[in-house]
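Chain by chain, the residues:
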Amino acid sequence: MNPPLRRTVSTWAPAALVLACLVLLPRAHADTTPTPLDDNRRITLGYIEIAYELGGLLDPSLQPGGSSLVRPNWFVFAPHASRTGGQGMLSAALARKIITTARGEPAFSVLQSLTRAGVTGTVLATLEQLSLELVLQGLSIDAATSVASLTTSLNGAALADPRTLLATTSRLGALYWSAPGAHPLDKAEAIANTLERLLNEGNLAIFTDIGGSARLFLDWRRGLTGEVTPERVLAEFQLAGAVASEARLAYAYAVAHANDTPRPYRLEEVLPAMSWKSLLVAAFALYEEARGASTPAWRDALIAMGNNYVAWREQHDMAQPVFAPVQLLPGEVSRPALLQALTPLLKTDFGTQEWTYADYAYSQPDRDGNLLTSPPTEYSWSVFWDRWSGILYAFDQAYTDPAALWVMPDPIVSPLP
């Protein structure tokens, strides 16, 4: 963790949400400052806990550690996305290990630099190829392998398209030359630190806001007497920042349009001038409505609308300021430029399903109509609409096999010293 630049949890939410998250997360030892990977582990476990508690409302037969054929709610996706962020942090830790080793003894070859960092298997060939391309961009051997290692957990198969390899190499090279620091290893370290910080800040921001809101909702619900209905959620559940009239409007719109094709996704147009925290209240009401749905199809449609509401809040309000800050942060490279470079390689394992951004991009019409550029290189994860469309694609893919997502990920524990 990098204290001067890392935003604390309290930056992102009111005190009540912070308290909820602190209760939800297992406590670190009092004398130990948690690392980004420590944060990631606690967040992943916290999401799994919420996923099963909320999933059990939608499917009473669901048991902790079990599976369900009911359409997954947003919190079933969240542990997998959190673990993907942890894998990116682990790649940043590997990059810094390469840098630390090189400060003591520079490598004489790309292969030496990678193998002494413990890189083996099929990923070694991919990283070696990318590193050699970066050396041709003017990077030193160890700086090149450090930057290349940031892609360790990503979809290296996307680089089989020479157009993607060329664009990725060019973007990473430009990012390196823009990095602060006079020494090559300092520049490479700035890139690794930037990736780790943006992943950690995004994870903390989303979990504090959305995970904290879900914990408050589930605790509120548990304390009720009598039947829990969508109307009670909209009238009685209090969430800081939400406006009751807006939550009712969003709920009513979702119920009226849940069967639309395509499902409503341009929410700023259909629900203008809304305090987007109200979407979370509406989503919880939609999940309650889904519990009593008359048919499985109607239940699934309501869950999907609730998922879109939560995901919009997640990406539009919490992730976007982290991924595309208004100014360059001290000691970092451009976050949007870094995310653009990595976008073609992005992937997430949703249990037994794999989603890749390349699959999404190739499924869309060619944006620029230029055969010299590959479709995945024409998008950027830092651009809200590029990210939003890819996420909705992932949702639709996952809905075809609900049980796949209930194969929950093991939280990451760093194997690095």
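Worth saying up front: this structure is predicted, and the values here are computed from it rather than measured.

Draft legend 1. Spatial organisation of the nonpolar core. Core analysis: the largest hydrophobic core is formed by 117 residues, its most contacted members being W74, F75, V233, L279, F284 and Y309. The element contributing the most residues to this core is helix α8 (residues 184-222), with 16 residues. Core analysis: the next-biggest nonpolar cluster, separate from the first, contains eight residues, L94, I98, V110 and L124 among them.

Draft legend 2. Broad picture of the pairing of strand β1 (residues 347-350). In this structure, β1 lies alongside strand β2 (residues 353-356), joined through four bridges in antiparallel fashion. Within β2, the position partnered with K347 by the bridge is T356.

Draft legend 3. Spotlight on the packing of helix α2 (residues 36-58) against helix α12 (residues 278-291). The N-to-C vectors of α2 and α12 enclose an angle of 40°; their axes lie 8 Å apart at closest approach. Classified by the interaxial angle, the pair formed by α2 and α12 is oblique. Residues L54, L57 and L58 of α2 form the contact with α12, whose participating residues are Y287, E288, A290 and R291. For the contact of α2 with α12, the residue count by class is five nonpolar, no polar and two charged.

Draft legend 4. How the structure looks around the environment of L132. Checked against the element boundaries, L132 lands in helix α5 (residues 122-136). On the accessibility criterion, L132 (44% relative accessible area) is partly exposed. Residues L132 and A144, twelve residues apart in the sequence, show an inter-C-alpha distance of 7.5 Å.

Draft legend 5. Representation of the packing of aromatic side chains within the structure. Scanning the model with the defined rule gives 27 aromatic pairs in all. Aromatic side chains W276 and W312 sit 5.7 Å apart centroid to centroid with 50° between the ring planes, which places their arrangement in the tilted category. Of this pair, W276 sits in the loop between α11 (267-270) and α12 while W312 sits in helix α13 (residues 296-323), placing them 36 residues apart in sequence. Summarising the burial analysis for this pair, W276 and W312 share the class buried. Relative to W385, the ring of W312 lies with its centre 5.8 Å away and its plane at 65°, an arrangement referred to as edge-to-face. Taken together, the residues span a long stretch of sequence, with W312 in helix α13 and W385 in helix α16 (residues 384-399) at a distance of 73 residues.

The rules behind each value
- Each residue is numbered by its place in its chain's sequence as written, counting from 1.
- Local features in this predicted model are restricted to residues of pLDDT 70 or higher, and side-chain atom pairs are both shown and tallied only at a pLDDT of 80 or more, whereas totals for entire chains, interfaces and linings draw on every residue.
- Excluding hydrogens and water, the side-chain values take into account all heavy atoms of the structure.
- In plain words, nonpolar cores are sets of buried Ala, Val, Leu, Ile, Met, Phe, Trp, Tyr and Cys residues tied together by side-chain atoms within 4.5 Å.
- Each residue's exposure class comes from its accessible area (1.4 Å probe, protein chains only) as a fraction of the maximum for that residue type: buried when under 20%, exposed when over 50%, partly exposed otherwise.
- Only DSSP runs of H or I with at least four residues qualify as helices, and only runs of E with at least two residues qualify as strands; both kinds are numbered from the N terminus onward.
- Strands pair, by our definition, only if DSSP identifies at least two bridges between them.
- Each axis is a line fitted through C-alpha atoms, taken for helices only over the stretch in contact, and angles between the N-to-C directions span 0 to 180 degrees.
- Reported orientations rely on four angle classes, namely roughly parallel under 35 degrees, roughly antiparallel over 145, roughly perpendicular from 65 to 115, and oblique for the rest.
- It only takes one pair of heavy atoms within 4.5 Å for two residues to be counted as in contact.
- Basically, the charged four are Asp, Glu, Lys and Arg, the nonpolar ten are Ala, Val, Leu, Ile, Met, Phe, Trp, Tyr, Cys and Pro, and anything else, Gly included, counts as polar.
- Only Phe, Tyr and Trp rings take part, Trp by its six-membered ring, and two of them pair if their centres are within 6.5 Å. Stacked means planes under 30 degrees apart, edge-to-face means over 60, and tilted covers everything else.

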